[in-house]
Amino acid sequence: MTNMDNRPDSIEKRYWKYLRQGVSLCAALFFLLLLVASQYPSLVLPLAVSAAYALVVEVADAIAWRKVAAGSPDSMPTFFMAVSGLRFMVALVVMFVYFLLAGKTGKAGKADMGTFILIFALFYVAVLLHHTLFFARRRKKGTRE
């Protein structure tokens, strides 16, 4: 990153762009799947949990990135690795808690857990792709706006 890219106004501009894109992506995916859920009401709970996970991860990622970019830009590679690991660990915790609370209902529970994992995977991959493409594009462009 160049010195110009470390300016607070540049960091803020990229922060808001990342946040806007992430929230828009979560909302678009949520409403698209909500149309499907209108025909299959059993999808509503997995959809709500998955969308909440994605939204929290996107917002937390943006806030953490802004602090690291402004405070110590030399730590960015470490930050990206930490975010990837944390995103995965939080996903495992969310899936485990969902299983404990909603997935242990006998034979139907297995189908429900499978449905949850599929919907959750869609949100997880969407968040992962957004993060990867946003920062890869910035790096490729030399972080120009």
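Computed from a predicted structure; not experimentally measured.

Peer 1: Help me understand the overall build of the protein in this model?
Peer 2: The number of helices and strands found in the protein is 4 helices and 0 strands. Of the regular secondary structure in the protein, the N- to C-terminal order runs α-α-α-α. The proportion of buried residues among the 145 residues of the protein is 32%. Within the protein, counting contacts between residues at least 6 apart in sequence, those at least 24 apart form 73% of the total. By element, 73% of the accessible surface of the protein is carried by carbon and sulfur atoms, the whole surface being about 8800 Å².

Peer 1: Any chance you could explain the pattern of salt bridges here in plain terms?
Peer 2: Any two side chains of opposite charge can pair, on the condition that their charged atoms come close. Enumeration over the complete set of coordinates arrives at 1 salt bridge. For Glu12, the salt bridge goes to Arg66, with nearest N and O atoms at 3.3 Å. Here Glu12 is found in helix 1 (residues 8–37), whereas its partner Arg66 is found in helix 2 (residues 44–71), with 54 residues between them in sequence. Classification of Arg66 as partly exposed rests on a relative accessible area of 25%.

Peer 1: Which parts of the structure should I look at to understand the environment of Phe79?
Peer 2: Assignment of secondary structure puts Phe79 in helix 3 (residues 76–102). When residues no more than four places from it in sequence are discounted, the contact partners of Phe79 are Asp61, Ala64, Trp65 and Val68.

Peer 1: Could you clarify how one ought to interpret the packing of helix 2 against helix 3 in this entry?
Peer 2: Two quantities define a packed helix pair, namely the angle between the helix axes and the distance between the axes. Relative orientation of the contacting elements helix 2 and helix 3 amounts to 160 degrees, with a least axis distance of 11 Å. Here helix 3 runs roughly antiparallel to helix 2, going by the angle between their axes. Viewed along their axes, helix 2 and helix 3 form a crossing whose handedness is right-handed. Contacts between helix 2 and helix 3 involve Leu45, Pro46, Val49, Tyr53, Val57, Asp61, Ala64, Trp65, Val68 and Ala69 on the former and, on the latter, Met76, Phe79, Phe80, Val83, Arg87, Val90, Ala91, Val94, Tyr98 and Ala102. For the contact of helix 2 with helix 3, a count of residues per class yields 18 nonpolar, no polar and 2 charged.

Peer 1: Explain the nonpolar core to me, please; I cannot follow it from the model alone.
Peer 2: In globular proteins that are soluble, nonpolar side chains generally tend to be buried together. Core analysis: the largest hydrophobic core is formed by 20 residues, its most contacted members being Leu33, Leu47, Tyr53, Ile119 and Phe123. Listing elements by their share of this core, those giving two or more residues are helix 1, helix 2, helix 3 and helix 4 (107–140). Of all the elements, helix 4 adds the most residues to this core, at 8 residues.

Peer 1: Help me out: how do you make sense of the layout of surface pockets in this one?
Peer 2: Remark: the empty space left among the atoms is shown by a probe the size of a water molecule rolled over them. Empty space within the second largest pocket amounts to approximately 160 Å³. Looking at the second largest pocket, the residues that line it are Val56, Val57, Ala60, Asp61, Ala64, Ala82, Val83, Leu86, Arg87 and Val90. Mapped by element, the contributors of at least two residues to the lining of the second largest pocket are helix 2 and helix 3.

Peer 1: Please explain the packing of helix 1 against helix 2 as it appears in this structure.
Peer 2: The N-to-C vectors of helix 1 and helix 2 enclose an angle of 175 degrees; their axes lie 10 Å apart at closest approach. As far as their axial angle goes, helix 2 and helix 1 are roughly antiparallel.

Peer 1: Is there a simple way to explain helix 3 in this structure?
Peer 2: Three- or four-residue spacings in an α-helix give side chains the same orientation, since the helix completes a turn every 3.6 residues. If you check helix 3, its first and last C-alpha atoms are 38 Å apart, about what 27 residues at 1.5 Å a residue would give, namely 39 Å. For helix 3, every residue scored as buried is listed here: Met76, Phe79, Val83, Arg87, Ala91 and Tyr98.

Peer 1: Honestly, the side chain of Arg87 in this entry has me stumped. Any pointers?
Peer 2: Inspection of the secondary structure assignment puts Arg87 in helix 3. Excluding its chain neighbours within four sequence positions, the residues that come into contact with Arg87 are Tyr53, Val57, Asp61, Tyr124, Val127, Leu128 and His131.

Rules used throughout
Residues numbered from 1 in each chain as written. Predicted model: local features only at pLDDT ≥ 70, side-chain atom pairs only at ≥ 80, totals over all residues. Heavy atoms only, no water. Helix = DSSP H or I, 4+ residues; strand = E, 2+ residues; numbered from the N terminus. Buried < 20%, exposed > 50% of the residue type's maximum accessible area, 1.4 Å probe, protein only. Contact = heavy atoms within 4.5 Å. Areas by Shrake-Rupley, 256 points an atom, 1.4 Å probe, with all protein chains shown as cover. Salt bridge = Lys/Arg side-chain N within 4 Å of Asp/Glu carboxyl O. Axes fitted to C-alpha atoms, helices over the stretch in contact; angles between N-to-C directions. Parallel < 35°, antiparallel > 145°, perpendicular 65-115°, else oblique. Left-handed = near helix turned anticlockwise from the far one by under 90°. Nonpolar A, V, L, I, M, F, W, Y, C, P; charged D, E, K, R; others polar. Core = buried A, V, L, I, M, F, W, Y, C linked by side-chain atoms within 4.5 Å. 1 Å grid on protein atoms, 1.4 Å probe; cavity = no way out; pocket = protein on both sides within 12 Å on 5 of 7 lines; lining within 4 Å. Points joined across faces, edges and corners; volume = space filled by probe spheres on them. Expected span 1.5 Å × (residues − 1).

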